[in-house]
Amino acid sequence: MLEVKGVRKAFGQNEILRGVDIKVDKSDVVVIIGPSGSGKTTLLRCIIFLEKADAGELIFEDRVYPLNKTGHKDILWVRRKTAFVFQNYNLFNNKTALENVMEGLVTARKIPKAKAEETAKKALIKVGLAGKYHSYPGQLSGGQQQRVGIARAIAVEPEVIFFDEPTSALDPELVGEVLQVMKELAREGTTMIIVTHEMKFAEEVATKVIFMDGGVIVEEGDPQTIFSRPKEGRTKQFLQRVLNPIEYNI
């Protein structure tokens, strides 16, 4: 369904991605973990052309896109087939929750306003915000704002949803409500690529876990293997540091 090959990206002399390959099948939930600075977010941004990669290619629905020289028209086509949930919500502060979800439908997809409103309301109901249609971002908690962001993503019925550390900006007590929505999407077979530091969530939801460090994929596999029987020393070291030692015995 979606594959990237040989993704490279440097900022000046700092090489962030050093030839990354990922393959995602329909209904996969691919969770990318790793220390800060390992290239996880940059990888997502390169795949969806929010950053211009130095090298590599995207293969999506049997079409090949060079990540360093794809034209504007093709970039728009890829973005219309995908959705991106940001760390910091990226909502319009002067628009209500309903208007935020409708915006992409009306402006980018040219969907009639009445139909867009119906679709947006269904998406907000799906993420548990039926009573917040007319609330502005400043009137919502961080968790509610992020759920508006997820509603905005699912409203466009994308083939793939990218999540870039969707709970990192939230207070701890608000994390669960966002993860619960994502778990439900996973149960429904939504194809997702998720960068997260939530290890228990990754273990429960992922069909495949990728551990990145230093701009490369160190190890990948099913959750049980990665979290219980990792093969690489660097993976073991990372997990030992972030997981409760009682729950993880190397």
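Residues numbered from 1 in each chain as written. Predicted model: local features only at pLDDT ≥ 70, side-chain atom pairs only at ≥ 80, totals over all residues. Heavy atoms only, no water.

Draft legend 1. Up close: the sheet that holds strand β4 (residues 55–60). The strand order β2-β1-β4-β5 describes an open sheet built from four strands, whose pairing is antiparallel. Of all strands in the sheet, those bounded by a partner on one side alone are β2 (14–24) and β5 (63–66). In this sheet, neighbouring strand axes are inclined to one another by 20° on average, regardless of whether the strands run parallel or antiparallel. Bridging between β4 and β5 involves four bridges; their strand directions are antiparallel. Among the inter-strand pairings, Ile59 is bridged to a residue of β5, identified as Val64. Packed onto the sheet, helix α2 (residues 72–80) meets β4 and β5 and runs at close to 120° relative to β5. (Pairing = 2+ DSSP bridges. Helix = DSSP H or I, 4+ residues; strand = E, 2+ residues; numbered from the N terminus. Axes fitted to C-alpha atoms, helices over the stretch in contact; angles between N-to-C directions. Contact = heavy atoms within 4.5 Å.)

Draft legend 2. The arrangement of the nonpolar core in detail. Grouped together as the largest cluster of nonpolar side chains are 52 residues, with contacts concentrated most on Ile33, Leu124, Ile150 and Phe163. Among the elements that take part in this core, helix α6 (residues 172–187) stands out by supplying eight residues, more than any other. When residues no more than four places from it in sequence are discounted, the contact partners of Phe163 are Leu44, Val85, Ile150, Met182, Leu185, Met192, Ile193, Ile194 and Val195. Grouped together as the second largest cluster of nonpolar side chains are 30 residues, Val24, Leu43, Phe60 and Leu67 included. (Core = buried A, V, L, I, M, F, W, Y, C linked by side-chain atoms within 4.5 Å. Buried < 20%, exposed > 50% of the residue type's maximum accessible area, 1.4 Å probe, protein only.)

Draft legend 3. Representation of the pattern of salt bridges within the structure. With the rule as written, the count across this model stands at 13 salt bridges. As a salt-bridge pair, Arg187 and Glu184 come within 2.8 Å of each other at their nearest N and O atoms. With Arg187 and Glu184 both in helix α6, this residue pair falls three residues apart, about one helical turn. We note a salt bridge from Asp213 to Arg234, for which the minimum N-O separation is 2.7 Å. Placement of Asp213 in strand β9 (residues 208–213) and of Arg234 in helix α9 (residues 233–242) is noted, with a sequence separation of 21 residues between them. (Salt bridge = Lys/Arg side-chain N within 4 Å of Asp/Glu carboxyl O.)

Draft legend 4. Highlighting the sheet that holds strand β8 (residues 192–195). Reading across the sheet, the six strands line up as β6-β7-β8-β3-β9-β10 and stay open at both edges, with mixed pairing between neighbours. For this open sheet the edge positions go to β6 (82–85) and β10 (216–221), each flanked by a neighbour on one side alone. Neighbouring strand axes in the sheet, compared pairwise and without regard to direction, differ in orientation by 15° on average. Where β6 lies against strand β7 (residues 160–164), four bridges are found, and the strand directions are parallel. Each residue of the ladder has a partner; that of Val85, found in β7, is Phe163. Sheet strands in contact with α9 are β3 (29–33), β9 and β10, and its direction is about 95° off that of β9.

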